[in-house]
Each structure stands twice: as structure tokens, then as C-alpha cells.
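Structural description and commentary
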Amino acid sequence: MEVTFAHFGEEVASSRLRATIPQAELAKIGIGNGRDVLIYGKHFVEERQLDPFNKRIYDVCDDHFDHETLGPYYHRHCQIADEVTCNSATMQAIIKAKTGRYAFVIHEPYEHEEQAPAIEPRLLWYGHKSNLCDIERLKPDLRHPLLIMTNQTGYPQWSSTAFKNAMDMNPIVVIPTGKSMAKSENRMVEAIRCGRYVCAEYLPAYEPFTTFFELGNIPAQIDVVLANPLAAMAKIKDAQGFIRERYSPATIAGQWLEVIQRCR
């Protein structure tokens, strides 16, 4: 069987995590790029572009079902797809409620090599410009240097090199929660993989990580971390053990393979 993951650019996190990495991992077990199955997400693929493929898997990572212009696309492609996938259990429930389709939850793998835990009194937020309002809301309550990395003009731009350099400064990663509760845990997972402590507000996808990190008041969490960095680094190390196999590229490729095989 040959499979193609639609890719929308390296600067798009979902393309890297839900297309580039799975495509490469599946190639390692002999599943090449081809027209047996197309896996695509977002709202950029036109219906005519689906025609060359025997089967189609629509991958949903954003709740745009009620959006005035995007909503019809999401509803339509959930209906015409042979299978539907998504990034979180909350998104799965939304898809079921809005379309009647069952979506398979496929998690997102980490990208980087595991790094040793480290903590310094500086902060990092990274994400899409559409979520800038979340960190801007939190900024007045933060008392340590904050680096914001995004794709908005006027801010440091995200790139693989810039991200690595930022993580090498040993920041505490802060993740305020936006209006959508359907987001995945990918930023939590990547920060842990890079050896960084995460101070985040509540998101359903973060619940498995409450063994390691408190959720809620981010400024208060930062104070606790900096008051006892050794204890915080021990929590990072434990969290790294938790994600090492669960979120490896090979494990996530296996989740994709299970859905792909349903398209035979």
C-alpha cells in the first residue's frame, strides 16, 4: 500500500507532526508515497485534488465546524472521507456531535532528541499568531524575561534553529489556554522532550501530565518551580520517561498504520 500525507509547509506544526514525520516513519517499514491513500487536513485541498486517490483520510485538528466560511468545508470533508482522524479526545467528541462521524484519535510525536532537564528564570511561549492573545493576556502577571516566538510580524519568527536556540536557554515554557479545549498536547510533549518545565493552564489533553505538572495559575506555578528547581527537574525527568515511548515517531506511525489499514 502506498500513502501520501498532504504537507502544507515546515512552518505549520501540524504538517510536521501529522504529515512529514509519519510519512518518514512509515517509509521505514516499506510504505511508500503513492495514491492508494491520501491523508490531508486543514482546508486547503480541493475536492478535484482527491480524485487520483483510491481512499481518503481527513485529519481534523481545528474546530471550525461553526465557522461561517470554513465550516462547510469541514462538514463536507468529514462526510466524504473514508475515515476521519483527529488530534484529541475533545476534538473526537466535537466531530461526532457535529457530523455523526467517528474519528480516530492520533497523537502527535515529539520532534527533538531528549535533552537533560534544566531550569533558569526566563520564560518561553511559542505558537501560532492566532493564539497570541492568550500570552498577551498573561504577560502583565509575569515577572521574568519572556520570549515570544510566533509567525506574527514584529515578533521573533519560529524556525527549527530558532526554537532549538530558545530551548538551549533553559526557559520555563508557559502555555496559557485559549478558547478551544480541543487542542492537542503537542507543545507540552515537545517542551518535556527538550528538558523544560511546563507551566500551563487547563486543557483536557494535559490531564495525563498532572502527575508531573500542576495546571492552572501560571505565575504561581513559576514561583514554585524557581523556589525548588531540583524538585522541578526531577518532575521533568519523570515526564520524559512517560512520553519516551508513548509519543515516539514510531509509536505514532503505528497509530496511523492502524487507520490506514482500515482503508484496504
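The rules we used
- Position numbers for residues start from 1 in each chain and track the written sequence from start to end.
- Only residues with pLDDT of 70 or above have their local features reported here, since the model is predicted, and side-chain atom pairs are shown and tallied only from 80 upward, although totals for entire chains, interfaces and linings are computed over all residues.
- Side-chain calculation: all heavy atoms of the structure are included, whereas hydrogens and water are not.
- A run of DSSP states H or I qualifies as a helix once it reaches four residues; a run of E qualifies as a strand once it reaches two. Both are numbered from the N-terminal end.
- We compute the radius of gyration from the C-alpha atoms alone; for a globule the expected value is 2.2 Å times N to the 0.38, where N is the number of residues.
- Classification of residues uses two cut-offs on accessible area relative to the type maximum, computed with a 1.4 Å probe and protein chains only: under 20% is buried, over 50% is exposed, and between them is partly exposed.
- A contact between two residues is defined here by any heavy atoms of the two lying within 4.5 Å.
- Each accessible area is a Shrake-Rupley estimate made with a 1.4 Å probe; only the visible protein chains count as cover when residues are assessed.
- Salt bridge, as applied in this entry: a Lys or Arg side-chain nitrogen positioned within 4 Å of an Asp or Glu carboxyl oxygen.
- It is the directions from the helix axis to the C-beta atoms that the arc portrays.
- Two N or O atoms count as a polar contact when they lie within 3.5 Å, although within protein this holds only if one can serve as hydrogen donor and the other as acceptor, and sequence-adjacent residues are included solely when both atoms are side-chain atoms.
- Axis lines are fitted through C-alpha atoms, for helices just across the contact stretch, and the angle between N-to-C directions can take any value from 0 to 180 degrees.
- Take the far helix as the reference: if the near one is turned anticlockwise from it by less than a right angle, the crossing is left-handed, and if turned clockwise, right-handed.
- Polar here means any residue other than Ala, Val, Leu, Ile, Met, Phe, Trp, Tyr, Cys and Pro, which are nonpolar, and Asp, Glu, Lys and Arg, which are charged; Gly is therefore polar.
- A pair of strands is treated as paired once DSSP finds two or more bridges between them.

1. Quick word on the overall build of the protein
Counting its secondary structure elements, the protein contains nine helices and nine strands. On C-alpha atoms alone, the protein measures out to a radius of gyration of 19 Å, which is about the 18 Å that the 2.2 N^0.38 rule sets for 264 residues. Dimensions of the protein, computed from C-alpha atoms along their principal axes, come out at roughly 55 × 40 × 35 Å. Taking all 264 residues of the protein together, 49% fall into the buried category. Across the protein, contacts joining residues at least 24 apart in sequence account for 61% of those joining residues at least 6 apart. On the protein, roughly 12400 Å² of surface is accessible, and the fraction owed to carbon and sulfur atoms is 51%.

2. Section: the pattern of salt bridges
Pairs can form between side chains of opposite charge once their charged atoms are near each other. Counted under the stated rule, the structure contains 18 salt bridges. Note that R262 and E83 form a salt bridge whose closest N and O atoms lie 3.5 Å from each other. Remark: E83 occurs in strand β4 (residues 83-86) and R262 occurs in the segment after α9 (249-261); sequence separation between them is 179 residues. The exposure class assigned to E83 is buried, which follows from its relative accessible area of 12%.

3. Considerations on helix α7 (residues 218-227)
Taken together, the buried positions of α7 are I218, Q221, I222 and V225. Looking straight down α7, one finds its buried side chains confined to an arc of 100 degrees; they lie on one side. The exposed residues of α7 that point more than 90 degrees off its buried face are V224 and A227. Looking at the buried positions of α7, the neighbouring elements they touch are β6 (123-126), α4 (132-138), β8 (172-175), β9 (198-200) and α8 (229-246). One side-chain oxygen of the residue at the start of α7 lies 2.9 Å from the amide nitrogen of A220, identifying that residue as N217.

4. Structural notes on the packing of helix α6 (residues 186-193) against α8
Direction vectors running N to C along α6 and α8 enclose 115 degrees, while the axes themselves pass 9 Å from each other. α6 and α8 meet at a crossing whose hand is left-handed. Contact residues: V189, I192 and R193 in α6; I236, A239, Q240, I243 and R244 in α8. In the contact of α6 with α8, the residues fall into five nonpolar, one polar and two charged.

5. Points about the sheet that holds strand β5 (residues 103-105)
As summarised here, the arrangement of the five strands in space is β1-β2-β3-β4-β5, forming an open sheet in which the pairing is parallel. Two strands close off the open sheet at either side, each with one partner strand: β1 (3-5) and β5. On average, each strand axis in the sheet is inclined to that of its neighbour by 25 degrees, with strand direction left out of account. As defined by bridge partners, strand β3 (residues 55-60) adjoins β4 across four bridges and the pair is classed as parallel. Its bridge partner lying in β4, Y58 is registered against V84. Along the sheet, helix α1 (residues 13-28) makes contact with β1, β3 and β4, crossing β1 at roughly 155 degrees. The strands that helix α3 (residues 89-99) touches are β3, β4 and β5; relative to β4, the one it contacts most, it runs at about 140 degrees.

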